[in-house]
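# Observations on chain architecture
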Amino acid sequence: MFSQKQPRITNIWSKVIESDEAYFTKVVVESTGAYKYSVGRQGNDIVLIGAGVVANMPTGPIEVNDGLVSDITLHESRPDAATVTIHMEHPAGYRVESSEGIPVRTAIFLERSTIAGLLQGKKILIDPGHGGKDVGGKGPVNLLEKNVVLLIANELEQLFRQVDASVLLTRKGDESIPVHNRLKMAKDERADLFIGIHTHTDNNCKVGGTAVLYKASSRESLDLAKLVKDELIRKLKLTDRGLKGSRKFAVLEGIPVVEVEVVAITNWVEEGLLRSPTFHKRAAEGIFNGITKYYATTDGNKKVKV
Amino acid sequence: MIVGKIPIRTHVITEKDDIVDVVFKYTGEIAGPGDVIAVAETVVAITQGRAILPETVRPGTLAKFLCRFPGKDGSLATPQAMHLAITETGVPRIFLGVAAAAAGKIAGRKGDFYRVAGRHLTLIDDVAGTMWPFQRHIILGPKTPQEVVDRIKDATGAEAVVTDVNDIGNVDILAASNGIDGKALIKELEDNPFGNDDQQTPIVVLKMAE
């Protein structure tokens, strides 16, 4: 009979839960039946050890990259014991809940307050490129850069609002705003970071991938650009088109500046990606993760309380 | 009565896999007689080698012309995808579909193209329609889905369906083994237990009360 068989782990998934009261990553281990387990800490990582349970799903890592959890690894330590290791980017408090049913779900809730702490008191200016008559790049089917970058910028704004960071957009609608006005806004508002959102345009429709421009001769901008690009590529799994220094941001003294070219809109596979709301969200998450990592690694923030 | 829906995580399935072997490997210890194994149509198609890289498709003049007419957010808006649709269904039937679509447009009706040119064309997912590592592929609908569900039933003893489910609750059952109540099953799949496309759970076991 089904209920007498050894329980099997059939799936592991995770989700960021955002609401007014709560901000955490929920990791769920699903199994065909209940088993005995213990949850503890190994360094920053959280480890669930289950006894009398086997893996039905492939063992090994599952990428998460949500800014707090990098991956979750399932491992069969003995023929009748399974270990789930949650690899953390930052330390976090946790609690565990189990619910009965088919499947049985064991949920580990990880607090994301560290991320909120890293961004506390920061003012981020997001600049969705182009707008109005200036449509920017055009996709081979029909998409326009000015529209898709606004969708990604809106998702990114949401992520910053969630952690109570101060966030501004240079444009909220389809308006044409000269570049010098956008840069001036960063100065006037005393922004801590200037994040431009663009897509790349190329004569060769085969060229695709992610690139990040940064303010030339600014160490901070280069550091930020590297982190944003790496985190975006982890999320989107697109080709790395590299980092490029640009002189056009030189007027923004003292403010780190990056301009993200999320994809090449002229590549028709990547134009297809730009149609998906899930893709906009993932792109925003990648940029957000890069920025939090920047604040986690820069000197001024090393002493952030956990 | 269905007492539970168990999403089954698998490895990344490719054309090197046999779909019946994959289903047996991951559900053999979980599903038994009376239970239903639901398999997402996309992975069935992938195991049949029906994930096509657009670079390998040379669209003809007809495809280049016709791809301008369907909705831009739909699946046949690129010459490559339209070319594959023509190859799948044949030139005469495509023309009948186009004629029906034109008449439908005058009558203010949608969907006539697919009704005439073939429902199987709605299963074509254009680039960026499928999870990594198939985001650069165009995925055609699966071939012989009935044979697939019959083989799964033989191998596992459980009932089987091949299904197309999306996040907005549209459920299409392409084939079902003979012991299945299709209507009841559609209701159970409306909440999309397969999860979104990056969750790697292309199989769901619906457990029945014992």
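Quick notes on the rules
Residues numbered from 1 in each chain as written. Chains lettered and ligands numbered in written order. Predicted model: local features only at pLDDT ≥ 70, side-chain atom pairs only at ≥ 80, totals over all residues. Heavy atoms only, no water. Helix = DSSP H or I, 4+ residues; strand = E, 2+ residues; numbered from the N terminus. Rg over C-alpha atoms; globule rule 2.2 N^0.38 Å. Buried < 20%, exposed > 50% of the residue type's maximum accessible area, 1.4 Å probe, protein only. Contact = heavy atoms within 4.5 Å. Areas by Shrake-Rupley, 256 points an atom, 1.4 Å probe, with all protein chains shown as cover. Lys, Arg positive; Asp, Glu negative; His and termini not counted. Charge placed at Lys NZ, Arg CZ, Asp CG, Glu CD. Pairing = 2+ DSSP bridges. Axes fitted to C-alpha atoms, helices over the stretch in contact; angles between N-to-C directions. Parallel < 35°, antiparallel > 145°, perpendicular 65-115°, else oblique. Left-handed = near helix turned anticlockwise from the far one by under 90°. Salt bridge = Lys/Arg side-chain N within 4 Å of Asp/Glu carboxyl O. pLDDT = per-residue confidence, 0-100. Buried area = accessible area lost by both parts, 1.4 Å probe. Nonpolar A, V, L, I, M, F, W, Y, C, P; charged D, E, K, R; others polar. Polar contact = N/O pair within 3.5 Å; in protein donor to acceptor, adjacent residues only side chain to side chain. Core = buried A, V, L, I, M, F, W, Y, C linked by side-chain atoms within 4.5 Å. Domains from an automatic or database assignment. Phe/Tyr/Trp six-rings, centres within 6.5 Å; stacked < 30°, edge-to-face > 60°. Lys NZ or Arg CZ within 6 Å of the ring centre and 35° of its normal.

So, about the overall build of chain B. Within chain B, the secondary structure is distributed over eight helices and seven strands. Its C-alpha atoms give chain B a radius of gyration of 18 Å, within 12% of the compact-globule value 17 Å for 210 residues. Seen through its C-alpha atoms, chain B measures out along the principal axes to roughly 55 × 35 × 25 Å. Buried positions account for 49% of the 210 residues belonging to chain B. Considering only contacts within chain B whose residues lie at least 6 apart along the sequence, 65% involve residues at least 24 apart. Looking at chain B as shown, the accessible area adds up to about 9900 Å², and 55% of this sits on carbon and sulfur atoms. Across chain B, 22 positive and 27 negative side-chain charges occur, with their mean positions spaced 10 Å apart.

A word on the sheet that holds strand S6 (residues 60-63) of chain A. All names here are of chain A. Across the sheet, which stays open at both edges, the five strands sit in the order S3-S4-S8-S7-S6 with antiparallel pairing between neighbours. A single partner strand is all that each edge strand has here, and the edge strands are strand S3 (36-42) and S6. Put simply, the sheet's adjacent strands are angled 20 degrees from each other on average, direction ignored. Sheet analysis places S3 next to strand S4 (residues 45-51), joined by seven bridges and oriented antiparallel. Along S4, the bridge assignment pairs Val 39 with Leu 48.

All names here are of chain A. Between helix H2 (residues 145-162) and helix H6 (residues 277-297), whose axes approach to 8 Å, the crossing angle comes to 50 degrees. Comparing their axes, H6 and H2 come out oblique. For H2 against H6, the interelement crossing comes out right-handed. Two secondary-structure elements touch here, H2 through Leu 151, Ile 152, Glu 155, Leu 156, Leu 159 and Phe 160 and H6 through His 280, Lys 281, Ala 283, Ala 284, Glu 285, Ile 287, Phe 288 and Ile 291.

All names here are of chain A. Inspection of the entire model under this criterion finds 31 salt bridges over all chains. Note that Arg 182 and Asp 127 form a salt bridge whose closest N and O atoms lie 2.7 Å from each other. Of this pair, Arg 182 sits in helix H3 (residues 179-188) while Asp 127 is found in strand S11 (residues 123-128), placing the two residues 55 residues apart along the sequence. Each of Glu 89, Glu 231, Arg 234 and Lys 293 takes part in a single network of salt bridges with overlapping partners.

Attention now goes to the sheet that holds strand S6 (residues 171-176) of chain B. Residue and element names in this part refer to chain B. Reading across from one edge, S1-S7-S2-S5-S6 is the order of the five strands in this open sheet, with mixed pairing throughout. Whereas interior strands pair on both sides, the edge strands pair on one side only; in this sheet they are strand S1 (2-8) and S6. Neighbour-to-neighbour, the strand axes of this sheet turn through a mean angle of 25 degrees, independent of strand direction. Along the sheet, helix H7 (residues 145-156) contacts strand S2 (36-40), strand S5 (159-165) and S6; its crossing angle with S5, the most-contacted strand, is approximately 140 degrees.

Before going further, it helps to spend a moment on the confidence of the model for chain B. Confidence in the prediction of chain B, expressed as mean pLDDT, is 89, and 99% of residues score 70 or more. By mean pLDDT, the top-scoring element of chain B is helix H1 (residues 19-27) of chain B (97), and the lowest-scoring one is helix H8 (residues 182-189) of chain B (87).

Moving on: the interface of chain B and chain A. Chain B puts 28 residues into the contact, and the matching count from chain A is 28 residues. Surface buried jointly by chain B and chain A totals about 2600 Å² across both partners, of which 61% is contributed by carbon and sulfur atoms. Sorting the residues of chain B by area buried against chain A places Arg9(B), Glu29(B) and Arg136(B) first, and these three jointly supply 24% of that buried surface. Here chain B and chain A share zero salt bridges between them. Take the side of chain B that touches chain A: its biggest share by element is six residues, from S1(B). Looking at side-chain class alone, the side of chain B that touches chain A contains 11 nonpolar, seven polar and 10 charged residues.

This part covers the environment of Arg8(A). By the secondary structure assignment, Arg8(A) is in strand S1 (residues 8-18). Residue Arg8(A) is classed as buried on the basis of its relative accessible area of 17%. Excluding residues that lie within four positions of it along the chain, Arg8(A) makes contacts with Glu30(A), Ser31(A), Thr32(A), Val53(A), Val54(A), Ala55(A), Asn56(A), Glu29(B) and Ile30(B).

On to the side chain of Thr73(A), then. All names here are of chain A. Within the secondary structure layout, Thr 73 lies in strand S7 (residues 69-78). A relative accessible area of 19% places Thr 73 in the buried class. There is a polar contact of 2.9 Å between the side chain of Thr 73 and the side chain of Asp 71. Once residues lying within four places of it in the same chain are set aside, the contact partners of Thr 73 are Gly 60, Pro 61, Thr 83, Val 84, Thr 85 and His 87.

Our next topic: the nonpolar core. Residue and element names in this part refer to chain A. Core analysis: the largest hydrophobic core is formed by 70 residues, its most contacted members being Ile 12, Phe 160, Ile 195, Ile 197 and Ile 291. For this core, the leading source of residues is H6, giving eight residues. Mapping this core onto the domain boundaries places at least three of its residues in each of domain 1 (2-111) and domain 2 (116-301). Every residue in contact with Ile 195, bar those within four places of it in the chain, is listed here: Ile 124, Leu 125, Ile 126, Asp 127, Leu 156, Leu 224, Val 258, Val 260, Ile 287 and Ile 291.

Residues and elements named next belong to chain A. Here chain A is partitioned into domain 1 (2-111) and domain 2 (116-301). Spacing between the C-alpha centres of domain 1 and domain 2 amounts to 33 Å. Taken together, the contact between domain 1 and domain 2 spans 11 residues of the former and 11 residues of the latter. For the pair domain 1 and domain 2, the interface holds three salt bridges. Between the two partners, domain 1 and domain 2, sit five residue pairs in polar contact (both at pLDDT 80 or more). Each residue belonging to the side of domain 1 that touches domain 2 can be placed in one class, and the counts come to two nonpolar, five polar and four charged.

Time to look at the pairing of strand S10 (residues 104-111) of chain A. Residue and element names in this part refer to chain A. The element S10 is extensively covered by neighbouring structure, given that six of its eight residues are classed as buried. Sheet analysis places strand S2 (residues 23-31) next to S10, joined by eight bridges and oriented antiparallel. Its bridge partner lying in S10, Lys 26 is registered against Phe 109.

Scanning the entire structure with this criterion turns up seven aromatic pairs over all chains. Judged by centre distance (5.3 Å) and plane angle (70 degrees), the rings of Phe65(B) and Phe69(B) are edge-to-face. Pairing Phe113(B) with Tyr114(B) gives two aromatic rings, centres 5.3 Å apart and planes at 80 degrees, and the pair type is edge-to-face. Between Arg95(A) and the ring centre of Phe109(A), over which it is positioned, the NZ or CZ distance is 4.1 Å. A cation over a ring is seen here: Lys237(A) above Trp132(B), with NZ or CZ 5.1 Å from the ring centre.

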